[in-house]
Amino acid sequence: MHTISRRLVQKISVPIFRTSTHATKLISTQNQHRYEDKDPETKLFGKLLIGAASAGLLATYFDEKKKVDCKVAQTSGTFKDGLPEYTIEEVSKHNTQESRIWVTYKEGVYDITDFVPGHPGGDQILMAAGSSVEPFWVLYGIHENQHVYDILEKYRIGNLDKHDAQTFTQNMEDPYSSDPKRHPVLKPASVKPFNAEPPPSLLVENFITPKELFYVRNHLPVPNIDAEQYKLEIEIEGAKKTVSLSLDDLKKMPKKTITATIMCAGNRRSEMVKVKTVKGLNWGPAAVANATWTGVPLRDVLKNAGLDQFDDKYKHVQFEAEDVDATGKNYGASIPIWKAIDERGDVLLAYEMNGAPLPRDHGYPVRVIVPGVVGARNVKWLAKIVISEHESTSHWQQNDYKGFSPCTDWEDADFTKSPAIQELPVTSAICKPYDGDTIDVVDGKILIKGYAWSGGGQKIVRVDVSADGGKTWHVANVDAQDSSEPPRHWSWTLWSANIPVDNKSKTVGFADIMVKAVDSCYNTQPENFEHIWNIRGVLGNAYHKIKVNLKQ
Ligand SMILES: Nc1nc2c(c(=O)[nH]1)N[C@H]1C(S)=C(S)[C@@H](COP(=O)(O)O)O[C@H]1N2
Ligand SMILES: [Mo]
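Just so you know, these numbers come straight off a predicted model, no measurement behind them. (Residues numbered from 1 in each chain as written. Chains lettered and ligands numbered in written order. Predicted model: local features only at pLDDT ≥ 70, side-chain atom pairs only at ≥ 80, totals over all residues. Heavy atoms only, no water.)

### Describing helix 9 (residues 162–171)
Filter applied, for reference: Working definition: with a 1.4 Å probe on protein chains only, accessible area under 20% of the residue-type maximum means buried, over 50% means exposed, and in between means partly exposed. Put simply, DSSP H or I for four residues or longer makes a helix, DSSP E for two residues or longer makes a strand, and each gets a number counted from the N terminus. By arc we mean the arc of the directions from the helix axis to the C-beta atoms, nothing more. Whenever a nitrogen or oxygen atom comes within 3.5 Å of another N or O atom, the pair is scored as a polar contact, on the condition that within protein one atom can donate a hydrogen and the other can accept it, and that pairs from neighbouring residues in sequence are kept only if both atoms are in side chains.
Within helix 9, burial applies to Asp-164, Ala-165, Thr-167 and Phe-168. Viewed along the axis of helix 9, the buried residues span an arc of 165°, placing them on a single side of the element. Across helix 9 from its buried face, at more than 90 degrees, point the exposed residues Thr-169 and Gln-170. N-cap assignment for helix 9: the residue whose side-chain oxygen lies 2.9 Å from the backbone N of His-163 is Asp-161.

This is the structure we're talking about:
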């Protein structure tokens, strides 16, 4: 029997270890990348990475599969009689194409060299080359997924030395163990990482969404940040000068409050999926919410730091966050510089939501609010700002959150050719009743409620609803809208409509309801999802269509 060396156990535990103690480590060094460079174990891990695809893609690849089944069969990763036994040390030598790529899961040893070519996005499993997939899978919440285990089991070649397997399990820590508690009203699309939306009918009860009902979209574990220790670093790329600000420094500056809606690019994906499957979380229409945000205008922070005078070559403002993936990379995104420095852009470094400190799930202690722009750029747990010639190099800026033609599939998608989503297009949704509900007809009319919103600071100027599949249209009432003018109108519009149902609907007993909104640019929504379907299921803004039964 071999005894496992401590060094190897540590190496395997790196991503977990780094994530769980992330806040203290990061704050003590204040620079994730510098920290990373100094860390030989991370470097070693880096060498185990084959291919450049990043973690998010693996997560989305398995997100899709997760819908299939969530029960874990007892046979996955358990000891199998008659197979050769390997130690972790032996497995670790198989970490390149040449030596063949082995991974372990519990007591199973797998040769996955031939798995990767046939599975787009599946090359992320290579992060675990020569070691266990568990730290990675636990991070992306793709454990407890029968489909994934079934695939893996096909590549089984042996058993892991029992002692090694035990030691490993004892060293594993759940990177999500310090995530905050959530209100049960939020319905999770995934638990680890936590992604959840409220019931749509509750969402439209309030113009300002209470924090309990505000959807949560996390790609990674929630960092544990001590506000006292918090430092925000600001840098002009290539220049020596950097500025470091504490939370107190930010709070001393003149504060500003804006009301802004944030919407995930994947909002309403569950409708697009009906056309054809996509990779991504199955969001309903409630991955959107409206809140008041208080903080310091980004342009003032840059100005104050003496960083407002820079060369025209700088085109982007990058944001790096404190949440890190299994390879030690931060969540990050960028916005064009004009949006950041224009007073009318209203970009905030927010420390309050609805008048209280930001909840941990929403970015405590500081997040960026980029009104009018897709959720993904509203970076939470902000650690660093970089003024740069280039967009953020993060996975989420480069290889995700981009639109494609319905004719483009994963095999031919060229992410370098598609611009990163910034301003979102106009959309609307019916939040009450739901598809398939049975509803009352009162004086020949039915009551429907919903929201409408447009990116880029455009205002909703009209919402059209139909109860007969688009033959006749009615203009909805605006129930709540803020008075700011475009292009600085950042909040959603809540609407309702009491629409007559025709005789035919009454006799057949159902109504085909649909809604479309028009924004202040007179842009409106596409008629159906077939024509806007895309591989990632983003930008799903077609007419929202539901069918309800009419109570006789
Ligand atoms: N640091 C960090 N910022 C992030 C994310 C993240 O995972 N990490 N998710 C982004 C995405 S995709 C969205 S839609 C919004 C969601 O914000 P919320 O969770 O406060 O609703 O946060 C964005 N900012
Ligand atoms: Mo998002």
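### Points about the packing of aromatic side chains
So the rule is basically this: Think of it this way: a Phe, Tyr or Trp ring, Trp meaning its six-membered ring, pairs with another when their centres are within 6.5 Å, and the plane angle makes it stacked under 30 degrees, edge-to-face over 60, tilted otherwise. The rule for a charge over a ring is simple: NZ of Lys or CZ of Arg within 6 Å of the ring centre, and within 35 degrees of the ring normal.
Counted under the stated rule, the structure contains eleven aromatic pairs. Note on Tyr-451 and Trp-492: the rings are 5.7 Å apart at their centroids and 25° apart in plane angle, and the pair reads as stacked. Within this pair, whereas Tyr-451 is found in strand 21 (residues 445–453), its partner Trp-492 is found in the loop between strand 24 (477–480) and strand 25 (493–500), the two being separated by 41 residues in sequence. One aromatic cluster is present, built from ring pairs that chain together Phe-214, Tyr-215, Trp-283 and Trp-293. Cation over ring: Lys-276 sits above Trp-533, and NZ or CZ is 4.3 Å from the ring centre. The lysine or arginine in question, Lys-279, covers the ring of Trp-410, its NZ or CZ lying 4.0 Å from the ring centre.

### Remarks on the sheet that holds strand 13 (residues 316–324)
Basically, it comes down to this: Think of it this way: DSSP has to see at least two bridges between two strands before they count as a pair. For every element, the axis is a line fit to its C-alpha atoms; helices are fit only across the contacting stretch, and the angle between N-to-C directions ranges from 0 to 180 degrees.
Across the sheet, which stays open at both edges, the five strands sit in the order 10-9-18-13-14 with mixed pairing between neighbours. Looking at which strands have only one partner, the edges of the open sheet turn out to be strand 10 (242–246) and strand 14 (330–336). Pairs of neighbouring strands in the sheet enclose a mean axial angle of 20°, with direction left out of account. Sheet topology note: the strand 13/strand 14 ladder contains six bridges and is antiparallel. Among the inter-strand pairings, Val-324 is bridged to a residue of strand 14, identified as Asn-330.

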